[in-house]
Amino acid sequence: MSKTPELIVNDLRVAVEGKEILKGLSLQVAKGEIHALMGPNGSGKSTLANTLMGHPRYEVTGGEILFKGLSILEMEADERSRAGLFMAFQYPVAIPGLSVANFLRSALNARLVRPETNGSGTMPQKKGIAPREFRALLKGQMALLKMDESFATRYLNDGFSGGEKKRAEILQMALLKPEIAIMDETDSGLDIDALRVVSDGVNALAGPDLGVLVITHYQRILNYIKPHRVHVMVDGRISVSGGPELALELETRGYDWVRNGKEVTAP
Amino acid sequence: MTTEPTTTVGIRDGYAEKYGFHDDEQHVFKSKMGLTPEIVAQISDMKGEPKWMRDYRLKALEIFEKKPMPTWGGNVGEIDFKNIYYYVKPTSQETKSWDDVPADMKRTFDKLGIPEAEQKFLSGVGAQYDSEVVYHKIKESLEKQGVIFLSCDHGLKEHEELFKQYFGTVIPSSDNKFAALNSAVWSGGSFIYVPKGVKVDVPLQAYFRINTKDMGQFERTLIIVDEGAYVHYVEGCTAPVYSSDSLHSAVVEIIVKAGGRCRYTTIQNWSNNVYNLVTKRALAYRDATMEWVDGNLGSKLTMKYPSVYMMEPGAHGEILSIAFAGRGQHQDAGGKVVHCAPHTTSKIISKSISKDGGRAGYRGLVKVQKGATDCRSNVNCDALLLDEASRSDTYPYMEIEEDRVSIGHEATVSKIGDEQLFYLMSRGISKDDAAAMIVSGFIEPIVKELPMEYAVEMNRLIQLQMEGSVG
Ligand SMILES: Nc1ncnc2c1ncn2[C@@H]1O[C@H](COP(=O)(O)OP(=O)(O)OP(=O)(O)O)[C@@H](O)[C@H]1O
Ligand SMILES: [Mg+2]
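Residues numbered from 1 in each chain as written. Chains lettered and ligands numbered in written order. Predicted model: local features only at pLDDT ≥ 70, side-chain atom pairs only at ≥ 80, totals over all residues. Heavy atoms only, no water.

Time to look at the overall build of chain B. Each helix and strand counted, chain B has twelve helices and 24 strands in total. In terms of overall size, chain B behaves like a compact globule, its C-alpha atoms giving a radius of gyration of 21 Å where 471 residues would be expected to give roughly 23 Å. Dimensions of chain B along its principal axes, counting C-alpha atoms only, are 65 × 60 × 45 Å. Of the contacts formed within chain B by residues at least 6 apart in sequence, a portion of 84% connects residues at least 24 apart. Summing over all exposed atoms, chain B offers an accessible surface of approximately 16700 Å²; the carbon and sulfur share of this is 49%. One way to put it: in chain B the 54 positive side-chain charges average out to a point 2 Å from where the 64 negative ones average out. (Helix = DSSP H or I, 4+ residues; strand = E, 2+ residues; numbered from the N terminus. Rg over C-alpha atoms; globule rule 2.2 N^0.38 Å. Contact = heavy atoms within 4.5 Å. Areas by Shrake-Rupley, 256 points an atom, 1.4 Å probe, with all protein chains shown as cover. Lys, Arg positive; Asp, Glu negative; His and termini not counted. Charge placed at Lys NZ, Arg CZ, Asp CG, Glu CD.)

Glancing now at empty space enclosed by the protein. Residue and element names in this part refer to chain B. Summed over all chains, the structure comprises five cavities of 30 Å³ or more. Quantified by volume, the largest cavity comes out at close to 80 Å³. Along the wall of the largest cavity there are 14 residues; nearest its centre are E219, E235, C237, H248 and T266. Contributing elements (two or more residues each) for the lining of the largest cavity: β10 (230-238), β13 (261-268) and β14 (274-284). Residue composition of the lining of the largest cavity, by class: five nonpolar, five polar and four charged. (1 Å grid on protein atoms, 1.4 Å probe; cavity = no way out; pocket = protein on both sides within 12 Å on 5 of 7 lines; lining within 4 Å. Points joined across faces, edges and corners; volume = space filled by probe spheres on them. Nonpolar A, V, L, I, M, F, W, Y, C, P; charged D, E, K, R; others polar.)

Here we take up the sheet that holds strand β7 (residues 180-184) of chain A. Residue and element names in this part refer to chain A. Across the sheet, which stays open at both edges, the six strands sit in the order β6-β7-β8-β3-β9-β10 with mixed pairing between neighbours. Each of the sheet's edge strands pairs with one partner strand only, and the pair in question is β6 (85-88) and β10 (237-242). With strand direction ignored, the average angle separating the axes of adjacent strands in the sheet is 20°. Both strand β3 (residues 34-38) and strand β9 (residues 229-234) contribute to a ladder of four bridges, which runs parallel. Across the sheet, A36 pairs through a bridge with V230, a residue of β9. (Pairing = 2+ DSSP bridges. Axes fitted to C-alpha atoms, helices over the stretch in contact; angles between N-to-C directions.)

Residues and elements named next belong to chain B. Positionally, E140 belongs in helix α6 (residues 140-144). The class for E140 is exposed, based on a relative accessible area of 56%. Considering only alpha carbons, one finds E140 and L58, 82 residues apart in sequence, at a separation of 37 Å. (Buried < 20%, exposed > 50% of the residue type's maximum accessible area, 1.4 Å probe, protein only.)

Residues and elements named next belong to chain A. Protein-derived coordination of the magnesium ion (ligand 2) comes from S46 (OG) and Q90 (OE1), at a distance range of 2.0 to 2.2 Å. One end of the pair, S46, is in helix α1 (residues 45-53); the other, Q90, is in the loop between β6 and α3 (100-113), with 44 residues separating them in the sequence. Using a relative accessible area of 22% as the deciding quantity, one classes S46 as partly exposed. Judged by its relative accessible area of 17%, Q90 falls in the buried class. (Donors = N, O, S within 2.8 Å, 3.2 Å for Na, K, Ca; no water.)

The subject of this paragraph is the nonpolar core. The biggest cluster of nonpolar side chains holds 136 residues, and the ones touching the most others in it are A:L48, A:F103, A:L138, A:L171, B:F109 and B:L424. The element best represented in this core is helix α11 (residues 431-447) of chain B, accounting for ten residues. The residues touching A:F103, leaving out its near neighbours within four places in the chain, are A:L98, A:L156, A:Q172, B:Y423, B:L424, B:R427, B:I429 and B:M437. In this structure, B:V200, B:I223, B:V308 and B:Y362 belong to the second largest nonpolar core, which totals 44 residues. (Core = buried A, V, L, I, M, F, W, Y, C linked by side-chain atoms within 4.5 Å.)

Turning our attention to the sheet that holds strand β4 (residues 58-67) of chain A. Residue and element names in this part refer to chain A. Pairing in this open sheet of four strands is antiparallel, and the strands run β2-β1-β4-β5 from one edge to the other. Two strands close off the open sheet at either side, each with one partner strand: β2 (19-29) and β5 (70-71). Two strands pair when backbone bridges link them, and strand β1 (residues 7-16) and β4 are joined in this way by eight bridges, in the antiparallel orientation. Within β4, the residue paired with A15 across the bridge is E59.

Attention now moves to the site of ligand 1. Residues and elements named next belong to chain A. Close to ligand 1 lie 17 residues; G42, K45, S46, T47 and H217 are nearest. Note that an oxygen atom of ligand 1 is positioned 2.5 Å from one of the side-chain N or O atoms of T47. Between ligand 1 and R57 there is a distance of 3.0 Å, counted from a nitrogen atom to a side-chain nitrogen or oxygen. Burial of ligand 1 by the protein chains amounts to 70% of its free accessible area of 620 Å². Of all the secondary-structure elements, those providing two or more residues to the shell around ligand 1 are β2 and α1. A total of three residues in the shell around ligand 1 trace back to one element, the largest contributor, which is α1. Residues that form the shell around ligand 1 fall into these classes: four nonpolar, eight polar and five charged. (Near = heavy atom within 4 Å. Polar contact = N/O pair within 3.5 Å; in protein donor to acceptor, adjacent residues only side chain to side chain.)

All right, on to the side chain of B:K280 then. All names here are of chain B. Within the element layout of this structure, K280 appears in strand β14. Looking at K280, the relative accessible area reads 3%, which means it is buried. Here E235 takes part through its side chain, which lies 2.6 Å from a polar atom of the side chain of K280. Within polar-contact distance, the side chain of K280 engages the side chain of T266 at 3.0 Å. Residues in contact with K280, not counting those within four places in the same chain, are I171, E235, V252, Y264, T266, W292, D294, K304, Y305, P306 and S307.

Before going further, it helps to examine the interface of chain B and chain A. Contact with chain B, which involves 19 residues of that partner, is made by 34 residues of chain A. Summed over both sides, the interface between chain B and chain A buries roughly 2100 Å², with carbon and sulfur atoms accounting for 62% of that surface. One can count two salt bridges joining chain B with chain A. One can count 14 residue pairs in polar contact (both at pLDDT 80 or more) joining chain B with chain A. Those elements that place two or more of their residues in the side of chain B that touches chain A are α10 (418-425) and α11 of chain B. It is α11(B) that provides the largest number of residues to the side of chain B that touches chain A, a total of seven residues. (Buried area = accessible area lost by both parts, 1.4 Å probe. Salt bridge = Lys/Arg side-chain N within 4 Å of Asp/Glu carboxyl O.)

Residues and elements named next belong to chain A. With 91% of its residues at a pLDDT of at least 70, chain A reaches an overall mean of 89. Ranking the elements of chain A by mean pLDDT puts helix α9 (residues 256-259) last with 77 and β6 first with 98. Under a pLDDT of 50 for its full length, residues 263-267 has, in the predicted model, eight contacts with residues more than four places off or in other chains. (pLDDT = per-residue confidence, 0-100.)

Now for the packing of α3(A) against helix α4 (residues 131-144) of chain A. All names here are of chain A. One way to put it is that α3 packs onto α4 with a least axis distance of 11 Å and a crossing angle of 110°. Judged by the inter-axis angle, α3 sits roughly perpendicular to α4. As for the relative orientation of α3 and α4, their crossing is right-handed in sense. For the pair formed by α3 and α4, the contact residues are A101, L104, R105 and L108 on the first element and P131, F134, L137 and L138 on the second. Grouping the constituent residues of the contact of α3 with α4 by class yields seven nonpolar, no polar and one charged. (Parallel < 35°, antiparallel > 145°, perpendicular 65-115°, else oblique. Left-handed = near helix turned anticlockwise from the far one by under 90°.)

What follows covers unusual backbone geometry. All names here are of chain B. Despite not being glycine, D287 has its phi angle at roughly 55°, a positive value. Notably, D356 is not glycine yet its phi reads approximately 50°, a positive angle. In this fold, D356 is placed in the loop between β20 (345-354) and β21 (359-368). Taking relative accessible area as the criterion, D356 reaches 23% and is therefore assigned partly exposed.

Here it is in structure tokens:
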């Protein structure tokens, strides 16, 4: 693909509470591509995901993040989301009292009603999505993810099982239609059937209009969601990148051999 | 219509515009400033009351003067009783037609959406402006069934026997200093009687509006729900934003007879210069249910603990309380449940929210009297702090004089979480909206009990409180 990738991460350095976690990480994801990011516990995968999404606790100390050609470092999470970035959380957060349906409608309306305001503060008060239209949309997407209808009235992630939380993340992704989605261990804690449903969900969304970065520990999900590229992250950097076969190799050989800094393919 | 500068209050900025305006003063009578036996007698005389009520007021004034100020709760020390107008009569008489309400006042109530609400979803409306009810009306169909819904003054005038039988029996003048004050200078409020077996399915509403600067509003409400009857009464209130303080001190007495049910919903939205010191109490008899839904969003200081006395077996009392304090506000809210008879049950759910240095808390009492065996009571109070500067207090008192009872108590305090905010923001929702959604979720268990229109109203007011809240 010859066009400029939508997401470009260049020599990114990130510190949390003064401790440097990402130490010069570079990565590019274009629409239409699926990338897998693997790496040992604590290597910084979630840090990368959270930093891309704009979590205030992660301090960018160097490098750049370009989204559709523009730096997003100064943008808050909500702006990044509305610009077309999405992260499926490794640990989705519960909001008691806020129903899934209300939440999703607000999230959708935030996109429809509030085009970027250039800091002038004036907000066009267009009407959001009509309730009936929204219900139909939600119902359809939930059916695709084999979610029970009662789900819509439950409180967001409150008392959800691990698998339900992950499905709910994909549901959000399906409704918000991002251009680049980062999925942080969406496969963890899923049984085989749920894994298939979630993967089918992602595959249904994947295509020329979506780029995906799948963070995972397991080859398993990559049997369903076929990556174009696989990256291995060690100690805050991408140490190895390669094709799909790299994931298989990791599965059999573990991470030690990449720790030694051997490059299989140049990214 | 002019608008007072808002700089003195400076928070809830949207409030000034939506509710904080005031009309030019155009009362037909205003008592001299301050409180004397002459003024109390004058109020009674102007109302043309029977002698027993005049005496009752004067006696209550004596009690008020003797009673000390409460030393707990909030800071009431700054209330200057000498600098208050105790009686401001807005019109010469109350009317059943909005067309007869003076234009300014009508415009005010229009702005507050009262006539519209009356059309859409209410059985009857009372609208009080300063000291008197200016408009009062109930649907004819209910009137035909014998339901009485009048201003308290008209209740006394038109149903003296019934009125006298219950007035002051639930909350005597000597109950506390502010109950005594109300008993001395009370004016306006509602008088409701629901006959045996009659169910008023659609709410009755009273709206209380303060307009005059430096005034005190002392409405009095008496509700009698006869056997097997049901009523839902809703009250709302607002006031202009003034640089000096106003006082609102109401007394609400409710009697729910065997098998009856009463729900009393308050959406308190006074401006931040109003002291709101209210005594509310209900007696529930055999198998009767009393529910208080108490939302406190406005005022400078609120001290209010609606209570239910369960007088006979099978009685059930419920208090759902929301208190939201922003900058300069102190909400000392809560409730009391008193089990006077065996086999009675009660529940208190309190949700308090504080932000920008505001202080909101729960003060509650669960009391089980000797002999009241096999009672069950559950208290749940949760506090949500929106920032470091804010404060929440919990004072759960228990006086249990019986062993065979089941009492549950749970309390939590949480801070609005960065992770919750980030999660919602990562879906494109702005920080302010995200915070408001978390707060709305927090009070959802109570709001979902409200009729839809009031749930919407409550959430709208929460939004207003939340404006520009998280930094
Ligand atoms: N909010 C935080 N506060 C303190 N330390 C943090 C925080 N987030 C990440 N870290 C630290 O940064 C390092 C990388 O953590 P991160 O969660 O990014 O790893 P990961 O690759 O996602 O691991 P896993 O595979 O276990 O999910 C760890 O040492 C972790 O303790
Ligand atoms: Mg992780």
